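Fold and geometry: a report
These are the residues of each chain, in order.
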There are 4 protein chains.
Amino acid sequence: MSGNSFGKLFTVTTWGESHGEAMGVVVDGCPPGLELSEEDIQRELDRRKPGISGISSERKEADEVKILSGLFAGKTLGTPISMLVWNTDVDSSPYEPLKDIARPGQADLTYHLKYGIRDYRGGGRASGRETVARVAAGAIAKKILASRGIHILGHVVAIGGIRARRVSVEEIMRHAESNAVRCADLEAAKRMEALIRAAREEGESVGGIVEVHALGVPAGLGEPVFDKLDAELAKALMSIGAVKGVEIGAGFDAARMKGSEMNDALYIEAGRIRTRTNNAGGILGGISTGEPVVCRIAVKPPSSISKPQRSVNMEQMTEVEIRVTGRHDPCICPRIVPVAEAMVALVVLDYLLQAERR
Amino acid sequence: MSGNSFGKLFTVTTWGESHGEAMGVVVDGCPPGLELSEEDIQRELDRRKPGISGISSERKEADEVKILSGLFAGKTLGTPISMLVWNTDVDSSPYEPLKDIARPGQADLTYHLKYGIRDYRGGGRASGRETVARVAAGAIAKKILASRGIHILGHVVAIGGIRARRVSVEEIMRHAESNAVRCADLEAAKRMEALIRAAREEGESVGGIVEVHALGVPAGLGEPVFDKLDAELAKALMSIGAVKGVEIGAGFDAARMKGSEMNDALYIEAGRIRTRTNNAGGILGGISTGEPVVCRIAVKPPSSISKPQRSVNMEQMTEVEIRVTGRHDPCICPRIVPVAEAMVALVVLDYLLQAERR
Amino acid sequence: MSGNSFGKLFTVTTWGESHGEAMGVVVDGCPPGLELSEEDIQRELDRRKPGISGISSERKEADEVKILSGLFAGKTLGTPISMLVWNTDVDSSPYEPLKDIARPGQADLTYHLKYGIRDYRGGGRASGRETVARVAAGAIAKKILASRGIHILGHVVAIGGIRARRVSVEEIMRHAESNAVRCADLEAAKRMEALIRAAREEGESVGGIVEVHALGVPAGLGEPVFDKLDAELAKALMSIGAVKGVEIGAGFDAARMKGSEMNDALYIEAGRIRTRTNNAGGILGGISTGEPVVCRIAVKPPSSISKPQRSVNMEQMTEVEIRVTGRHDPCICPRIVPVAEAMVALVVLDYLLQAERR
Amino acid sequence: MSGNSFGKLFTVTTWGESHGEAMGVVVDGCPPGLELSEEDIQRELDRRKPGISGISSERKEADEVKILSGLFAGKTLGTPISMLVWNTDVDSSPYEPLKDIARPGQADLTYHLKYGIRDYRGGGRASGRETVARVAAGAIAKKILASRGIHILGHVVAIGGIRARRVSVEEIMRHAESNAVRCADLEAAKRMEALIRAAREEGESVGGIVEVHALGVPAGLGEPVFDKLDAELAKALMSIGAVKGVEIGAGFDAARMKGSEMNDALYIEAGRIRTRTNNAGGILGGISTGEPVVCRIAVKPPSSISKPQRSVNMEQMTEVEIRVTGRHDPCICPRIVPVAEAMVALVVLDYLLQAERR
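Just so we're clear, the structure is a prediction, and the values are computed from it rather than from any experiment.

Thoughts on helix 6 (residues 229-238) of chain B
Of all 10 residues making up helix 6 of chain B, 10 are buried, and the element is well covered by its neighbours. When we look at burial in helix 6 of chain B, the residues that qualify are Leu-229, Asp-230, Ala-231, Glu-232, Leu-233, Ala-234, Lys-235, Ala-236, Leu-237 and Met-238 of chain B.

Take a look at the structure:
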């Protein structure tokens, strides 16, 4: 209710401030008897860590996960799984001069107005670091989904004005993790990387678009009319800090299409009803069709830029000019890929568990 | 939990099939002592009704709302408000030949796969007619919001390939309801209307984009980290049948912007911290800033078109060709305006009530 | 959230004021494909109606249920089932003189303090008549449970100081519905009936104890640690208007027992682990054992008595003496039996659906 | 949803197994700006620890709480407060011989049947040790309540057959914490203590009754019709491991009373409507009246006794005789007092926050 929990049957509650003691998550509703280890979680956390110099933050967190409950002899008990990651490489000094400043594009202003108190160090609760907890929980969801033949696959499709060409699922699998921007169009990937470096040089940042496919999702997931599968995906993805838009299937292109172009023709293949195209993104009436579920998110350029910006001192209520220094990502898209995958995994698993009870 | 309820403190539960006895909604959590009458609801329902011949469905529902509980002497009691609209102009005959057919782009297939049983008449529960209940509930939410200086304002910004020019809030107020397509750019409105008529002529349909402004939203609404105001708006809007995408503020344009373009510069006006631009769409870190909340939805072209389509008989598991006849909208955008407004109103009110408890 | 809904997967939302237009309920989460008719509901509603002259209220409601949605061709669709009962025999005149009076033991005072407005006619929303909706929803739950071999069986075990002897399940089945007080100890039943008539004569009322057995409940229902099966039963039963206490199994007797008396010895029967006694009431650690689930509720004497009582006029803030006239039950226990059964059925079904998803 | 969370606006999620790494809790919804320290929590945890030799367990847990998030400069941030207590004095050896045995009266059987896997050491998740987390969360709730003049006060009113005389609130305040059994009737307390020691001598255990008063609760808390204040209290209290019954106000005595005895006469005092007696336990129609809220719980004798008991080996499916050794409480009532207080505090605070939003 207070907003730090997500999911109905597979429920995730995250906690932690960026420069506090630790970041953590409690996962409730994990089926019992699942083999699970810290390595399963660590693998996903490592994908989220800052990567190649020049295109991501230089914060050096080990981000080693500890599982504190819910496991016995290497298997899940069906009881809550509590996980945490200690905050180790914390340097709050760059934040001291900014402690009363509302950085443009950040949550400083709104946390100040809502709570009247905030942990200004590293963004506090509003920091992108909160996604550590999401990725940890998502790692469990992904493991369960994989055991049922469902795979979640994310990649970058645009950075700034550079759009990757349309790629196949096979190309995503083969290439997305092979380069620093997580783009499966290798030629575009190079230009994207150059664009990010250039942005950094000029004290700027750039946005982009991330796409996630959920493969192997069975038909029948989704609860009409408000808890449609696409509605919950939209919420899950929009709840990621830098996301300003969500699309399912054809998305905004649908607004320019005619009915005969948009409608996916139906046919029968191997005794199953399928669609020739997938403009619906695998969802009709809020319920999965059995085709791949496809969604995309618009990721804004990170707000922390070293260019001078007009801002406000919230205590003195004066206008000021600031430059945000510190270790920031000039483009968050590559690191958002595992986060977006995690959120999609949480939704699909939750709806899978809901559907299984029928 | 089973998907037919929305909202935490102002909770709406809808029920009803398109060709069943009635459509209805129970609103729980309405503050007591509010003056309320059936006229308040009827006004909004009338906005949702099929409109000008040639650009909308010809179903002739009186859609007269009845309030069955929660009122005493013209005021709300704080108890559940039950409302219903009887289904009167029901003609199920056009659906008989299609009863085993999965119409492309419709929920026929997924309801069949999920439930194994469905009311095929008029789309049953998946019909757009379900939005009668949303609009009725939204009418109460709007009335409460208006009493606190919050106004929800929707309009059409694109139909097919035609994009309206950028308009001011004043223009929306003055012009949006003055024409059949609910577009505040009157010149574009004419071209849109022509486009819709042409689509109908050729047995086609067209999509578009609807924008909703929430004006007067106080700062501080939204519950991080999962229940961000934008996340809940995304869910609310994506839960409307034909919606394939949701944007907040700059939306997908943010993906092409640089940090210095995207960040809204802060300044002080009349003792309040404001932003020069509103690329954030009135939301930072999932919490309202006090600027207008702005969102847009991508609306797909209606699936029911009279052009021949490839489809499947789900009982016989054979491929067939169909033409969908009956009384359908060639473009749903104008009628979706009040529905989108209702969903935004429900979210904003719910979060307002959540914030007021602090 | 606002209190008029119950259940997570099988969710019931009730609405209606005693002297308003109607009483109703929306049931969300009913599995699809269940045969259901108004007769199934009516049967249970008839058990709740005022019965034998002299021991119950003389309000003559037909209480005919109408199902407005969720059914197609006699089967449930998996969509919300909306039911209502029109309020027909409404005579609000006896309530006019009491409209500003807080009747002792009633919710008049607290509704006044909480909402500042109330429908004083017939108790408004706080009326026992609200249980019509619970019984209607419970009827569906019972039908589903019965199809899985689970039966809910209620009876009266005490009225005033008269305690029935311990009876077997067979005796309850045979005798509980055979007499006006729903007591399976026929000899005690006669004395109870006399006690109730005597109370009425003197303008008094009497309380009692109702017991409910849930037979055939499989092992494994209940969600530790807060949503234990017994915890949810306690809430469900305590939410019935006149209930002041809830016991599971040995209940308050457990407070006087030694461990060796309380612990139910385990043994094996037909390949299943069973207990020799059932002091646990079929629940250990909040999870069903497979033995019958047994609970009891303390029902207070109805507050409406014709004897003079000291009270307060809430508008004038003066002390007054009142006599409550009108058509009231001198003892509510017999009519609470189907209500308590309904609440137990709702809990057991909800937990059954929760357990089935594993 | 999976049962390890409690509360809607002040939401508590607990985790941890008795012999796992730690016990913990995440508190979401705590208002911002509250001064809070580990000492505030520790004080309540210390009240829960095993006490005087001979009448409680000899497990020696330091139970030192660590706060990991949600605080900044000694004040709450309005973000989730994560707390944990490391499990230090863990000796699992006595549980090895019992690992396949279902101890009578324990959750061994039901966890085995429900999950197919369990942490048999020390009761695992079903251990009374889980209440560490409840007490830690309750300590925060109590601190907030106290700042608003609401105080939660628990004491023991019966042990085995020994019933304390009726005591005043002042006596409870003065005497309850002064003796090992937490009974405010000092004479009875001595006999109770002797009874507990005697039970221990003979390898037995005894039950009892604990009463909790919530003083200063304002009128208007509680959400009809299902989420009545008493209904939620019943759930909260019944969710404590050893509780088999819950009463509000007159409780089961109400079943033997006449209407004129049960109804609390109303009068006016200092401009406020009050009741002469408090049989209602401070709640009418599920909403607080402004009088003290009074509830009682029946606590069963602890299941772990050293007397021989008939039981079952769940793996081999054979009947066995067991004696449960280890460090167990012969009577849990004194240690349940702070747990029951915590649960009452959680409910009252949650409903206070719900009511404040109006």
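Remarks on the sheet that holds strand 19 (residues 318-322) of chain A
Residue and element names in this part refer to chain A. Here we have 3 strands laid out as an open sheet, ordered 8-18-19, and antiparallel in their pairing. At either end of the open sheet lies a strand with only one pairing partner, and these are strand 8 (101-102) and strand 19. The pairing of strand 18 (residues 309-313) with strand 19 spans 5 bridges and is classified as antiparallel. Looking at the pairing, Gln-309 lines up with Ile-322 of strand 19.

A short note on the packing of aromatic side chains
Counted under the stated rule, the structure contains 14 aromatic pairs over all chains. Judged by centre distance (5.3 Å) and plane angle (55°), the rings of Tyr-111 of chain B and Tyr-115 of chain B are tilted. Pair noted here: Tyr-111 of chain B and Tyr-115 of chain B are both in helix 2 (residues 108-115), with a separation of 4 residues, about one helical turn. Taking the relative accessible area as the measure of exposure, Tyr-111 of chain B reaches 7% and is therefore buried. Here Tyr-115 of chain B falls in the buried class, since its relative accessible area comes to 8%. Between the NZ or CZ atom of Arg-276 of chain A and the centre of the ring of Tyr-267 of chain A, over which it lies, the distance is 3.7 Å.

Points about the relation of the copies chain A and chain B
With an RMSD of 0.0 Å, the operation that places chain A on chain B is a rotation of 180° combined with a shift of 0.0 Å along the axis. These values place the two chain copies in the arrangement generated by a two-fold rotation axis.

Some thoughts on the interface of chain A and chain B
Facing 109 residues of chain A, the contacting portion of chain B comprises 108 residues. Buried area between chain A and chain B, summed over both chains or domains, comes out near 8,400 Å², and the portion from carbon and sulfur atoms is 64%. Our enumeration of links across chain A and chain B arrives at 8 salt bridges. Its salt-bridge partner being Lys-114 of chain B, residue Glu-223 of chain A comes within 3.2 Å of it at the nearest N-O pair. One can count 46 residue pairs in polar contact (both at pLDDT 80 or more) joining chain A with chain B. Here the side of chain A that touches chain B is composed, by residue class, of 49 nonpolar, 32 polar and 28 charged. Here strand 12 (residues 243-248) of chain A runs beside strand 12 (residues 243-248) of chain B; their pairing, made up of 3 bridges, is antiparallel. Bridging from a neighbouring strand, Glu-247 of chain A pairs with Gly-245 of chain B of strand 12 of chain B.

Regarding the packing of helix 6 (residues 229-238) of chain C against helix 8 (residues 333-356) of chain C
Residues and elements named next belong to chain C. Here helix 6 crosses helix 8 at 145°, and the two axes come no closer than 9 Å. Of the two possible hands of crossing, helix 6 and helix 8 adopt the one that is right-handed. Seen from helix 6, the contacting residues are Leu-229, Glu-232, Leu-233, Ala-236 and Leu-237; seen from helix 8, they are Ala-340, Met-343, Val-344, Val-347 and Tyr-351. Here the residues of the contact of helix 6 with helix 8 sort into 9 nonpolar, no polar and 1 charged.

Overview of the side chain of Gln-106 of chain A
Within the element layout of this structure, Gln-106 of chain A appears in the loop between strand 8 and helix 2 (108-115). Polar contacts involving the side chain of Gln-106 of chain A include one to the side chain of Ser-304 of chain A, which spans 2.9 Å. If we ignore the near neighbours within four places in the chain, the residues touching Gln-106 of chain A are Ser-303 and Ser-304 of chain A together with Leu-284 of chain B.

A word on the sheet that holds strand 3 (residues 22-28) of chain D
All names here are of chain D. Pairing in this open sheet of 5 strands is antiparallel, and the strands run 1-2-3-7-4 from one edge to the other. Since the sheet does not close on itself, it has two edges, and those belong to strand 1 (5-6) and strand 4 (65-67), each with one partner. As defined by bridge partners, strand 2 (residues 11-15) adjoins strand 3 across 5 bridges and the pair is classed as antiparallel. Among the inter-strand pairings, Val-12 is bridged to a residue of strand 3, identified as Val-27. Against the sheet, helix 1 (residues 38-48) touches strand 4 and strand 7 (81-86), its axis set at about 150° to strand 4.

What about unusual backbone geometry?
Cis peptide bonds are those with omega within 30 degrees of zero, and the linkage from Pro-224 of chain A to Val-225 of chain A qualifies with 5°. Mapped onto the elements of the fold, Val-225 of chain A is located in the loop between strand 11 (208-215) and helix 6 (229-238). The phi torsion at Ala-73 of chain A lies on the positive side, around 50°, for a residue other than glycine. Located in the positive-phi region is Met-317 of chain C, a residue other than glycine, with phi close to 50°.

Some remarks on the pattern of salt bridges
A full pass over the atoms with the stated rule returns 132 salt bridges over all chains. Note that Arg-134 of chain C and Glu-130 of chain C form a salt bridge whose closest N and O atoms lie 3.0 Å from each other. No difference in accessibility class separates Arg-134 of chain C from Glu-130 of chain C, as the two residues are buried. Its salt-bridge partner being Asp-227 of chain D, residue Lys-8 of chain D comes within 2.5 Å of it at the nearest N-O pair. Note that Lys-8 of chain D is positioned in the loop between strand 1 and strand 2 and Asp-227 of chain D in the loop between strand 11 (208-215) and helix 6 (229-238), a separation of 219 residues in sequence. Residues joined by salt bridges that share partners form a network here, namely Glu-44, Arg-47, Lys-142, Glu-177, Arg-182 and Glu-341 of chain A.

Examining the pairing of strand 2 of chain D
All names here are of chain D. In terms of residue burial, strand 2 counts as a mostly covered element, since 5 of its 5 residues are buried. The alternating pattern of strand 2 places Thr-11, Thr-13 and Trp-15 and Val-12 and Thr-14 on opposite faces, both of which are buried. Here 2 bridges tie strand 1 to strand 2, and the two strands are oriented antiparallel to one another. Bridging from a neighbouring strand, Phe-6 pairs with Val-12 of strand 2. Counting the residues between successive antiparallel strands, the hairpin from strand 1 to strand 2 contains 4 residues, one of them, Gly-7, with a positive phi of roughly 100°.

Brief notes about the pairing of strand 7 of chain D
Residue and element names in this part refer to chain D. Summarising burial for strand 7: 5 of the 6 residues are buried, a large majority. Pairing geometry for strand 3 and strand 7, over 6 bridges, is antiparallel. Each residue of the ladder has a partner; that of Val-25, found in strand 7, is Met-83. With 3 bridges joining them, strand 4 and strand 7 adopt antiparallel strand pairing. Across the sheet, Lys-66 pairs through a bridge with Leu-84, a residue of strand 7.

Definitions and limits used
- Residues numbered from 1 in each chain as written.
- Chains lettered and ligands numbered in written order.
- Predicted model: local features only at pLDDT ≥ 70, side-chain atom pairs only at ≥ 80, totals over all residues.
- Heavy atoms only, no water.
- Buried < 20%, exposed > 50% of the residue type's maximum accessible area, 1.4 Å probe, protein only.
- Helix = DSSP H or I, 4+ residues; strand = E, 2+ residues; numbered from the N terminus.
- Pairing = 2+ DSSP bridges.
- Phe/Tyr/Trp six-rings, centres within 6.5 Å; stacked < 30°, edge-to-face > 60°.
- Lys NZ or Arg CZ within 6 Å of the ring centre and 35° of its normal.
- Least-squares fit on C-alpha atoms with pLDDT ≥ 70 in both.
- Contact = heavy atoms within 4.5 Å.
- Buried area = accessible area lost by both parts, 1.4 Å probe.
- Salt bridge = Lys/Arg side-chain N within 4 Å of Asp/Glu carboxyl O.
- Polar contact = N/O pair within 3.5 Å; in protein donor to acceptor, adjacent residues only side chain to side chain.
- Nonpolar A, V, L, I, M, F, W, Y, C, P; charged D, E, K, R; others polar.
- Axes fitted to C-alpha atoms, helices over the stretch in contact; angles between N-to-C directions.
- Left-handed = near helix turned anticlockwise from the far one by under 90°.

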